[in-house]
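Below are the chains, spelled out letter by letter.
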Amino acid sequence: MKTRSNKKPLRNAALALSATLAALATVGCSTTSHPETPATLGASARTSSLEAVVDQPGPLTVETVIGADWQVPLSGLLNLDHAEAKKAKLTDRDEPVHVAFHAVHHPTRGTFLVDTGVERMLFEKPDEAVIRGFVASVANIDKMKRRTDTKTWLEQQEQPHVAGVFLTHLHLDHITGMRDVPAGTPVFVGPGETSARSIENLFVAPIVNRALENKPPLSVWRFGPDPDGVFDGLVDVFGDQTFWAIHVPGHTAGSTAYIARTKAGPVLLTGDACHTTWGWDHGVEPGSFSSDRKRSASSLERLRRFAAKHPTMEVRLGHQAR
Ligand SMILES: [Zn+2]
Ligand SMILES: [Zn+2]
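What counts, and where the lines are drawn
- Residues numbered from 1 in each chain as written.
- Chains lettered and ligands numbered in written order.
- Predicted model: local features only at pLDDT ≥ 70, side-chain atom pairs only at ≥ 80, totals over all residues.
- Helix = DSSP H or I, 4+ residues; strand = E, 2+ residues; numbered from the N terminus.
- Buried ≥ 20, exposed ≤ 12 C-beta atoms within 10 Å, placed from the backbone.
- Pairing = 2+ DSSP bridges.
- Axes fitted to C-alpha atoms, helices over the stretch in contact; angles between N-to-C directions.
- Expected span 1.5 Å × (residues − 1).
- Arc of directions from axis to C-beta.
- Contact = placed C-beta atoms within 7 Å.
- pLDDT = per-residue confidence, 0-100.

> Any details on unusual backbone geometry? Residues and values, ideally.
Non-glycine residue Lys-89 carries a positive phi angle of around 55°. Tracing the sequence through the fold places Lys-89 in the loop between helix H4 (83-87) and strand E4 (94-106). By C-beta crowding, Lys-89 is classed as exposed, having 6 other C-beta atoms within 10 Å. Residue Gln-241 is not a glycine yet carries a positive backbone phi of 65°. Relative to the elements of secondary structure, Gln-241 occurs in the loop between strand E10 (234-236) and strand E11 (243-247). A residue is classified by how many C-beta atoms lie within 10 Å of it, and Gln-241, with 17 of them, is partly exposed.

Now the structure itself:
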């Protein structure tokens, strides 16, 4: 019959397309083709070593710099199907957030950035920014309102040298300012972060590559198993117990949180293990922006439990102030 014979080629084309997309998802689309190498900085550690020192004052300072205000869907930031979210009758809407970086200063090792803030070019010549074109429009980058771009912040510093960038993960809103960080600066990232595959990476990977193009191969944290079984892995970054990387997979495979010991007490930088104040306060994990939501819930729970044991710990979240 006519209708049936017309549908068959269409169905075949649809099957071929879905097979191609499935193949692309498993074969060719990693987050970046930028080379990587195991980090030479940092030694694998255990939670009990961190516990032993975390409440003692330390020599670091942490300045959190808000690069831009932004708005993104709440359903990406929070699992709205979580019982707590339902109880609070949360529904999807545009949620105000910020894009930030943290400047961590170590008295002898120098200044390091955790994530990268926003690139100056994004606001002055958006057609030449690292994030531009189709992906920028899909990601609502035009909704970012600048507060302080990373280049301006660096120009204001007496000592603008950046000794390294410690990424919480490789999502675009965390590498937006990477091109404002001087060429050759080492960049550190969690394991499995670069090799995560998805169809979106067809569009995203060229941007990640562009953001990293004047940087050395990515240094990948060497997390060993935590003998205490609390976290998925820890690294004592400088070997002096002042600054720690903690593997908190789920939002992305290599998601990493950091703890800095300052004079005023420990500061936890969660990255996108938790985007929002409400999510942290109610124990509700991120939503559709995460690649493995179950695992991200587990990582968030571990961080919250750890922070609860150390009430002087200041918590700075991925995209909102507490
Ligand atoms: Zn993210
Ligand atoms: Zn983010």
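> Help me get a handle on the sheet that holds strand E12 (residues 256-262), residues and values and all.
Here we have six strands laid out as an open sheet, ordered E2-E10-E11-E12-E13-E14, and mixed in their pairing. At either margin of the open sheet sits one strand with a lone partner, and together these are strand E2 (43-45) and strand E14 (314-316). Going from strand to strand, the sheet's axes swing by 25° on average, the running direction of each strand aside. Pairing of E2 with E10, which is carried by three bridges, proceeds in the antiparallel orientation. Residue Ala-43 lies in a different strand from E10, and its bridge partner there is Asp-236.

> Account for the sheet that holds strand E9 (residues 218-220), naming residues and giving values.
The pairing of strands in a sheet comes from backbone hydrogen bonds and takes either a parallel or an antiparallel form. Strand order in the open sheet formed by eight strands is E1-E9-E8-E7-E5-E4-E3-E6, and the pairing between neighbours is mixed. Two strands close off the open sheet at either side, each with one partner strand: strand E1 (36-38) and strand E6 (145-146). Pairing analysis gives three bridges linking E1 to E9, with the strands arranged parallel. If you follow Pro-38 over to E9, its bridge partner there is Val-220.

> Can you lay out helix H11 (residues 293-309) for me, pointing to particular residues and giving the numbers?
With 17 residues, H11 extends 25 Å from end C-alpha to end C-alpha; this agrees with the ideal 24 Å at 1.5 Å per step. When we look at burial in H11, the residues that qualify are Ser-296, Ser-299, Leu-300, Leu-303 and Phe-306. The buried residues of H11 all sit within an arc of 125° when viewed along its axis, so they share a single face. Turned more than 90 degrees away from the buried face of H11, the exposed residues are Lys-294, Glu-301, Arg-305, Ala-308 and Lys-309. Buried-residue contacts for H11 involve E12.

> Got a sec to walk through the pairing of strand E5 (residues 110-114)? Specific residues and values, please.
Remember that side chains alternate between the two faces of the sheet whenever the strand is regular. Here E4 pairs with E5 via five bridges, running antiparallel. Bridging across to E5, His-106 finds its partner in Gly-110. Once E4 ends, the chain turns through three residues before running back antiparallel as E5. Relative to strand E7 (residues 164-166), E5 is paired through three bridges, and the arrangement is parallel. By the bridge assignment for E7, Phe-112 is matched with Gly-164.

> So what about the confidence of the model for the chain? Which residues, and what values?
Per-residue confidence for the chain gives a mean pLDDT of 92; residues scoring 70 or more make up 91%. Within the model, the stretch residues 1-5 combines pLDDT values under 50 with zero contacts to residues more than four positions away or in other chains.

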